[in-house]
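# Structural features, examined
Residue strings, one per chain:
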Amino acid sequence: MWSYALKRAGATAITLVAASVIIFAFIHLIPGDPIYVRLGDTATPDQVEAVRHTLGLDQPILVQYFQWVGAVLHGDLGHSIFYDEPILSVIADHAETSVLLATITMIWVLLIGVPVGMIAATRHGSWLDQGLSGLAMLMASVPTFWVGLYMILIFAAWLGWLPSSGFPSLFDRGGIANLRYLLLPSLTLAAPNAALILRLTRASMLDVSREDHVRTARAKGIRPWRVVTHHIFRNALLAVVSAFGFTFAALISEAVVTETVFALPGIGRLVVQSILQRDYPVIQGVVLVIVVLYLVVNFLVDVSYRFLDPRVELQ
Amino acid sequence: MLSVSNLTVSIGPQARPVDIVSDVSFSIAPGEILGLVGESGCGKSMTSLAVMGLLPHPGPRIRSGRVEIDGADVTGLEPWQRVEAGRARMAMIFQEPMTSLNPVRRIGDQIAEAVRVYERLHAAATRERARELLELVRIPDADLQLSAYPHQLSGGMRQRVMIAMALASRPQLLIADEPTTALDVTVQYQILGLLRELSARLSMATLFITHDMGVVAQLADRVAVMYAGCIVETASASALFRHPAHPYTRALMDCMPVRGIRGQSLRTIPGQAPQPGTILVGCAFAPRCPNAREICRTTAPPRLDVGISHEALCVFPVTGEAAA
Amino acid sequence: MTDVANHSDRRPGLIRLWIGPLLARPVALLGVAILLVVVLFAVAAPLIAPYDPSAYDALIRLSPPNPQHWFGTDQFGRDTLSRVIYSARMALLVGVGVVVFALVTGVPVGVFSALFPRLGQLLMRAIDVLMAFPSLLLALGLIVILGPSVANSIIAIGAGFLTTTARIVYGLALRLKMETYVEAARSMGSRTGWLVLKHVLPNLISPLLVQASFVFAFAQLGAASLDFLGVGAPPNIPSWGNMLAEARNFITRAPWLLFFPGMMIVLTAFALNLVGDALRDRLDPRLRSAFGAER
């Protein structure tokens, strides 16, 4: 079990290194002198020369890469043009919102997607099942930002129940009650993902219910509900868990748009703003952090999968 | 003690059902092993599932007939319903030991689960009972195997585990659907021996389904031959092998290669069995029967007594000794 | 049930293979109908649209749906219905573009990775690296490097699907490689290229059709997101995403501007999902598992 974890960690590390090369190359692929890309269009020639030397941009590319990696490992992700602050602290400022949003969303997704998928599977073929499956497919076809805008229209503008934008920190005045700012965004973000998890749970349970060992369980005289929970669901869970990593990635992507719609001060919105403001070092830093996070999540999912399914071995 | 009377299983719409098992009747006494033989598609598995109450929903259903175990009518009841009703203890083992066990749960847990259906014991007692069951089926290192996962065991061991789980209920009836087909010949021999021993020791009625005449010869006390959804001959094993009365049974015996004679060309039965569900007029075997006459194609054959407890579904049952 | 072995010998059957499953499920027919409407919009826009999509009239700005303007007008007085119809062109263009890109890049990568194991390991690792980037971020990154334009958004979105397509094709090709008839052909001395053409590719057509449907569907959502963020199609070109971006400022005053373009995106993506599902359910079960419950 641990050797498996070690092997997966090794594979993840290699992928991370390769990804870091791409992220590093990003700045250099943007059209224009990388110095201006880094300093912004308003830099003076003197500043440019000074920076060129300090940043070691007169060095060969390979050396620059290792310098960058070295700096990153020390926590120095560079300097934001727009905020005029170290990028790491900019990211940290925006992290709270995104972490909370992601967590709450995942809770909705699992709380809604899994049980409803289970119900649809156990009532396979009925109107309920067909209706739920159709609804799930519909939800997966809807653009997140459209749902978001409608949420704002209905719940914020017309009904006035909930705020439509922004998010004061939990540490500010209001405390936990400030979470209500995240209610609409998290529901918006949860909708398509819950639909996906619903369909996955349902399909997985249907597949498992056709397997021979379920017939054996029935033959043993076990009551139908226990067959569903202990044999079908337990085995179907594998497929759902392995989709976790993928769901997380989808969540990050869609969070970018959702945070923009609801004007949440999160990392997703930071990315979009940085693109529009040409704050390229920030984009680079954020993408690096996100990729690391994503790879770690995938790694954890892989290892836990091994824990859940004793048959798994590294291919 | 099992008694199956006029069991008919059909598929298709209610208005126009298609029979895949027609009017099947047989009985098994405690300690007796009945071999149900026939080629693929003849309906033997469907019969066993119907007897057990495991017909898949939606799909085939029991259209008529009765299944009684020790006098209790359990027709159409699913296994859990039978347990609830407190009637009839029965168990079933299947063909593919690879896939018939839950791959993500330990053997011990799966056996314990079977035990708990019938007895509410605390954890240690249940585990002890599971170990006893493993020993009953001759699995070495029972304690170790309780914590093992199915994929860590060989095919033969897995089948023994299946049998152990089946015995958890102290069943009056054991149904075995081709349990050795997927195993090596040497392992097959051991499992068959185990089944014979258990059947006698526990006074269990056993319904053993197979397409292999050789297995039937080794194991069964009595034999029922199935063709196209009907039982065409029932007899004791010795009687069946010595004077098979139905032309189909005869043909099957003739197909078996004779030991010791080189260069025999293998015989086959010309033609093909009718597809499950084709509407038949007259005898189902008539198109392939060497003795068929006009009447065979027009009238359904009667069930005739051809000996002591020996019946054949034929207008002109064959008399005389078998060829080999 | 479709027979995997040797579709190359049953050409007429292929047509029935595609149309049959669609006809079998009435819901899928609905999907096809919707798609035909969208295609009609795109192709015949100048004939169908009541007004010029860029014609503005300050006097009638932000009017709700009425007999002259069935879908109302926007902040410049442009007719929403006409803009919705013309936007179908962008939708189709991006959809087809992304599908073509994903297939043209993903299929060769997948097939060659399966046929040449050592090269395959390397390529699949590279795909893994690409997949470490969440799709929208990847798209945004590519847009930053390439610059915002329609063609670049096709490439940007397509890059995300190239990875899944390559993976799926790789899995399918591996499975096909192990089919006995391929081994038989190989043992008879067939050269690799011939094997690919005669045996592998024909059997990939059905699964690729399924994949194409889903890619098309998700490409709509991706393109809409990029347009909405302002980094996709330029604002002067009508697209449903652009219309929604503009509608954002007026959602309380003119909710119809939000409704119609969004509805079109939903209907198109939904229709494609329906069709893809119907096609997938008719695939050989061995190939079906490559698709999971979605995507």
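Our structure is the block above this text.
Residues numbered from 1 in each chain as written. Chains lettered and ligands numbered in written order. Predicted model: local features only at pLDDT ≥ 70, side-chain atom pairs only at ≥ 80, totals over all residues. Heavy atoms only, no water.

## Thoughts on unusual backbone geometry
Most of the time, phi is negative for any residue but glycine, and the peptide bond is trans. Residue and element names in this part refer to chain B. Positioned with a positive phi, Glu178 is a non-glycine residue whose angle comes to about 45 degrees. Within the secondary structure, Glu178 is located in the loop between β7 (173-177) and α8 (185-201). On the basis of relative accessible area, Glu178 is assigned to the buried category, the value being 8%. (Helix = DSSP H or I, 4+ residues; strand = E, 2+ residues; numbered from the N terminus. Buried < 20%, exposed > 50% of the residue type's maximum accessible area, 1.4 Å probe, protein only.)

## Quick notes on the state of the cysteines
Note: disulfide means a covalent bond formed between the sulfur atoms of two cysteine side chains. Using the criterion set out here, one finds 0 disulfides over all chains in the structure. With no disulfide of its own, B:Cys42 lies 10 Å from the sulfur of B:Cys230, the closest cysteine sulfur. (Disulfide = S-S within 2.5 Å.)

## What to know about the interface of chain A and chain C
With 48 residues of chain A at the contact, the number on the chain C side is 40 residues. Ranking the residues of chain A by area buried against chain C places A:Phe145, A:Trp146 and A:Leu149 at the top, with a combined share of 16%. Across the chain A-chain C interface, the total number found is 1 salt bridge. At the junction of chain A and chain C, the tally comes to 7 residue pairs in polar contact (both at pLDDT 80 or more). (Contact = heavy atoms within 4.5 Å. Buried area = accessible area lost by both parts, 1.4 Å probe. Salt bridge = Lys/Arg side-chain N within 4 Å of Asp/Glu carboxyl O. Polar contact = N/O pair within 3.5 Å; in protein donor to acceptor, adjacent residues only side chain to side chain.)

## Regarding the packing of helix α5 (residues 87-122) of chain A against helix α8 (residues 183-209) of chain A
Residues and elements named next belong to chain A. One can describe the packing of α5 onto α8 by two numbers: an axis separation of 6 Å at closest approach and a directional angle of 35 degrees. In this structure, α5 crosses over α8, and the sense of that crossing is right-handed. Residues belonging to the contact of α5 with α8 are distributed by class as follows: 19 nonpolar, 6 polar and 1 charged. (Axes fitted to C-alpha atoms, helices over the stretch in contact; angles between N-to-C directions. Left-handed = near helix turned anticlockwise from the far one by under 90°. Nonpolar A, V, L, I, M, F, W, Y, C, P; charged D, E, K, R; others polar.)

## Here we look at the packing of aromatic side chains
Each aromatic ring pair is described using two quantities: the centre-to-centre distance and the angle formed by the ring planes. Here the structure, examined in full by the defined rule, presents 13 aromatic pairs over all chains. Centroid distance A:Phe155 to A:Trp161: 6.1 Å. Interplanar angle 40 degrees. Geometry classified as tilted. Accessibility expressed as a relative area gives 25% for A:Phe155, which makes it partly exposed. The exposed category is assigned to A:Trp161, whose relative accessible area is 61%. Taking 4.6 Å as the distance between ring centres and 50 degrees as the angle between the ring planes, the aromatic pair formed by B:Tyr227 and B:Tyr248 counts as tilted. (Phe/Tyr/Trp six-rings, centres within 6.5 Å; stacked < 30°, edge-to-face > 60°.)

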